[in-house]
Amino acid sequence: MSTIKEKTLKELENKVHDLENFIAKKGIGSSYLSRAEKIQRNFNIGLFVGGVALVGGIIAYSILKDDEDEE
């Protein structure tokens with residue numbers, strides 16, 4: 001069974017976490033942080049799509065090259 005000390009500690013941890021989230025959303029530099037997160041996300045998506053396109057191109061090239069060599 002949880003003691004009062006454990007409950008109090010858990011509640012304080014939750015309050016600190018809530019305060020940290022508030023500062024991250026409304027604090028100084030939060031708009032820059034959100035923009036940086038969006039840029040990072042878009043960059044990662046671009047790298048993933050580019051990598052998939054590169055791998056697809058290499059596979060298509062190797063398949064077509066093999067077909068031309070057989071003729």
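From a predicted model like this one, the values you see are computed outputs, not experimental measurements.

### What about the overall build of the protein chain?
Part 1 of the reasoning: Along its length, the protein chain carries 2 helices and 0 strands.
Part 2 of the reasoning: The globule rule puts the C-alpha radius of gyration for 71 residues at 11 Å, and the 26 Å found for the protein chain is more than 25% above it.
Part 3 of the reasoning: With the C-alpha coordinates aligned to their principal axes, the bounding extent of the protein chain is approximately 80 × 40 × 5 Å.
Part 4 of the reasoning: The burial tally for the protein chain puts 1% of its 71 residues in the buried class.

### Quick notes on a nonpolar patch on the surface
Part 1 of the reasoning: A contiguous nonpolar surface patch, about 400 Å² in accessible area, is contributed by Ile45, Phe48, Val49 and Val52.
Part 2 of the reasoning: Residue Ile45 is classed as partly exposed on the basis of its relative accessible area, which comes to 46%.

### Considering the environment of Phe48
Part 1 of the reasoning: You can see Phe48 is positioned in helix H2 (residues 30-70).
Part 2 of the reasoning: In sequence terms Phe48 and Tyr61 are 13 residues apart; their C-alpha atoms lie 20 Å from each other.

Criteria and thresholds
- Residues numbered from 1 in each chain as written.
- Predicted model: local features only at pLDDT ≥ 70, side-chain atom pairs only at ≥ 80, totals over all residues.
- Heavy atoms only, no water.
- Helix = DSSP H or I, 4+ residues; strand = E, 2+ residues; numbered from the N terminus.
- Rg over C-alpha atoms; globule rule 2.2 N^0.38 Å.
- Buried < 20%, exposed > 50% of the residue type's maximum accessible area, 1.4 Å probe, protein only.
- Patch = residues over 30% accessible without salt bridge, like charges linked within 9 Å, V, L, I, M, F, W, Y side chains within 5 Å.
- Areas by Shrake-Rupley, 256 points an atom, 1.4 Å probe, with all protein chains shown as cover.
- Salt bridge = Lys/Arg side-chain N within 4 Å of Asp/Glu carboxyl O.

So far we have only geometry, and geometry alone does not tell us how the molecule works.
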